[in-house]
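A look at the structure
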Amino acid sequence: MYASRGGPNSSPGGMQSKEVADPVHNVTFTVRQIRFHGSRIYSLSERINSLSVIIVGRGVGNFPSHRGNHDADITRYAGRIVMSDRQGRLEGRSALITGGASGIGKATAKLFLEEGAKVTICDRNVEVLDQASADLRALGGEVMSVAGDVGSMTDAASMVQTAVDGFGRLDVLFCCAGIASVMPISEVKEEEWDAVINANLKGMFTMVKHAVPQMRSQGGGTIVTMGSELGIVAVPESPAYGASKGGVISFTRSIAIDLIRYNIRVNSLCPGITKTPLLQAEVDLSLDPERTAREQAEWAPIMRIADPREIAYGALFLASDESSFAVGSCLVLDGGYTIR
Ligand SMILES: NC(=O)c1ccc[n+]([C@@H]2O[C@H](COP(=O)([O-])OP(=O)(O)OC[C@H]3O[C@@H](n4cnc5c(N)ncnc54)[C@H](O)[C@@H]3O)[C@@H](O)[C@H]2O)c1
């Protein structure tokens, strides 16, 4: 990723206009394409905050790390613009994402597709699953979907089998499915405890259990488990959720030690507050939704909540070869919440 304000060496020769979409904010920018020492650069036609020119090399010698051949992708976070080219980090790989119909799972499915993966999404909510697979197919790329509950061994087996039957192999497993629970211990009923542990923790076990034999037979793979900042630090009224996410981090470390000898790398992703339907439900169900939304926005030192795509980039890193030395680690993307 390169950012510059341009300079005297910029050559306007061969300039072309081009529309580039910001997928996060649903905005389209007009950009000019310019040649710069043989590389293509994009100059934004309008000045946005202090960043006015962004350079991206596309498959050119000057920028060897940028070997992708896809369209540039502009995203804007926290009032800044980040531009990255798509590099085919998962080119040809088969990726299975649980909870892939919504929120972080769906954003990750989209990013994985952009990076060349063939993606199978699974979810127990059939309605959102159908909508998500239609949305993802509309973007192009190969997508399959399978309904099921990650808390069930039988369903987990059929999710893995669907990916393997459809795409011939399984290279990446992202165990993202999960549910929230905000309740003090005095109010937590046994059924709620079981539901949270089943979805958030047992759901990792069932999926990993079925994915590992396939990955071993292929010579390796990557597994990303979904933890949370609340698996690291405690907050009030979160005994079931905190226990499930703390368990995910421990489970991840434990299996990472065993599985690395088969070239299977396992790591967990620990996001902070992220704008998803799960989070919105928490706001809607709270006694004072306006106050809850304000508290969420001011939760972390960064003073905003994450966009799901920002978390998806963490999943991409852990799923791809770029994290080749990460084993049993916990990638915390929390806007600084746990550093205080
Ligand atoms: N949103 C946040 O602030 C946040 C922060 C940290 C961690 N997380 C974790 O990220 C993950 C995704 O959450 P999200 O915010 O995108 O929520 P979301 O509700 O938008 O998506 C979760 C998806 O998982 C599915 N799901 C839930 N239980 C399932 C089960 N037993 N079997 C199959 N599918 C199931 C749901 O139907 C839903 O489509 C969860 O594990 C959550 O704990 C979220």
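Just so you know, these numbers come straight off a predicted model, no measurement behind them.

Notes on the sheet that holds strand β11 (residues 172-175)
Hydrogen bonds between backbone atoms are what pair the strands of a sheet, whose relative direction is either parallel or antiparallel. Taken in spatial order, the seven strands make up an open sheet running β10-β9-β8-β11-β12-β13-β14, and their pairing is parallel. Among the strands making up the open sheet, the edge pair consists of β10 (143-147) and β14 (330-333). In this sheet, neighbouring strand axes are inclined to one another by 15° on average, regardless of whether the strands run parallel or antiparallel. Judged from the six bridges that link them, strand β12 (residues 221-226) and strand β13 (residues 264-271) form a sheet pairing that is parallel. Across the sheet, the residue bridging to V224 is N267, located in β13. Against the sheet, helix α2 (residues 126-138) engages β9 (118-123) and β10, with an angle of about 175° to β10.

Regarding helix α5 (residues 239-259)
Along an α-helix, a turn takes 3.6 residues, which lines up residues three or four apart on a common side. Compared with the 30 Å implied by 1.5 Å per residue over 21 residues, the 30 Å span of α5 between its first and last C-alpha is a close match. Turning to α5, its buried residues number three or more, namely A240, Y241, S244, K245, V248, F251, T252, I255, A256 and L259. On an axial view of α5, the arc spanned by its buried residues comes to 135°, and they lie on one face. α5 presents S254 and I257 as exposed residues on the side facing more than 90 degrees away from its buried surface. If you follow the buried residues of α5, they end up packed against α4 (190-218), β12 and β13.

Observations regarding the environment of G242
Relative to the elements of secondary structure, G242 occurs in helix α5. Residues G242 and V196, 46 residues apart in the sequence, show an inter-C-alpha distance of 9.9 Å. If we ignore the near neighbours within four places in the chain, the residues touching G242 are L230, G231 and A234.

Section: the site of the ligand
Around the ligand, 30 residues are found, and the nearest of them are G99, G103, G178, T276 and L278. Secondary structure elements with two or more residues in the shell around the ligand: α1 (103-114), α4 and α6 (277-285). Tallied by class, the residues present in the shell around the ligand amount to 14 nonpolar, 13 polar and three charged.

Regarding the packing of α6 against helix α7 (residues 289-297)
When two helices pack together, their arrangement is captured by the angle between the axes and the distance separating the axes. At a minimum axis distance of 7 Å, the contact between α6 and α7 shows a crossing angle of 140°. One way to sum up the angle between α6 and α7 is to call them oblique. Across the interface between the two elements, E282, V283 and D284 of α6 pack against P289, T292 and A293 of α7. Of the residues belonging to the contact of α6 with α7, the class tally is three nonpolar, one polar and two charged.

What to know about unusual backbone geometry
One non-glycine residue, N263, lies in positive phi territory at about 65°. When you line up the elements, N263 lands in the loop between α5 and β13.

With respect to the pairing of β13
In terms of residue burial, β13 counts as a mostly covered element, since eight of its eight residues are buried. Side chains I264, V266, S268 and C270 project from β13 onto one buried face, and the interleaved R265, N267, L269 and P271 project onto a second face that is buried too. Handedness of the crossover joining β12 and β13 through α5 is recorded here as right-handed.

Points about the nonpolar core
Membership of the largest hydrophobic core comes to 68 residues, with the highest contact counts inside it found for A95 and F174. Element by element, the count of residues in this core is highest for α4, at nine residues. In contact with F174, other than residues within four places in its own chain, are A95, I97, T108, V224, A315 and A319.

Rules and cut-offs
Residues numbered from 1 in each chain as written. Predicted model: local features only at pLDDT ≥ 70, side-chain atom pairs only at ≥ 80, totals over all residues. Pairing = 2+ DSSP bridges. Helix = DSSP H or I, 4+ residues; strand = E, 2+ residues; numbered from the N terminus. Axes fitted to C-alpha atoms, helices over the stretch in contact; angles between N-to-C directions. Contact = placed C-beta atoms within 7 Å. Expected span 1.5 Å × (residues − 1). Buried ≥ 20, exposed ≤ 12 C-beta atoms within 10 Å, placed from the backbone. Arc of directions from axis to C-beta. Near = placed C-beta within 6 Å. Nonpolar A, V, L, I, M, F, W, Y, C, P; charged D, E, K, R; others polar. Parallel < 35°, antiparallel > 145°, perpendicular 65-115°, else oblique. Right-handed = clockwise from strand over helix to strand, strands pointing away. Core = buried A, V, L, I, M, F, W, Y, C linked by C-beta atoms within 7 Å.

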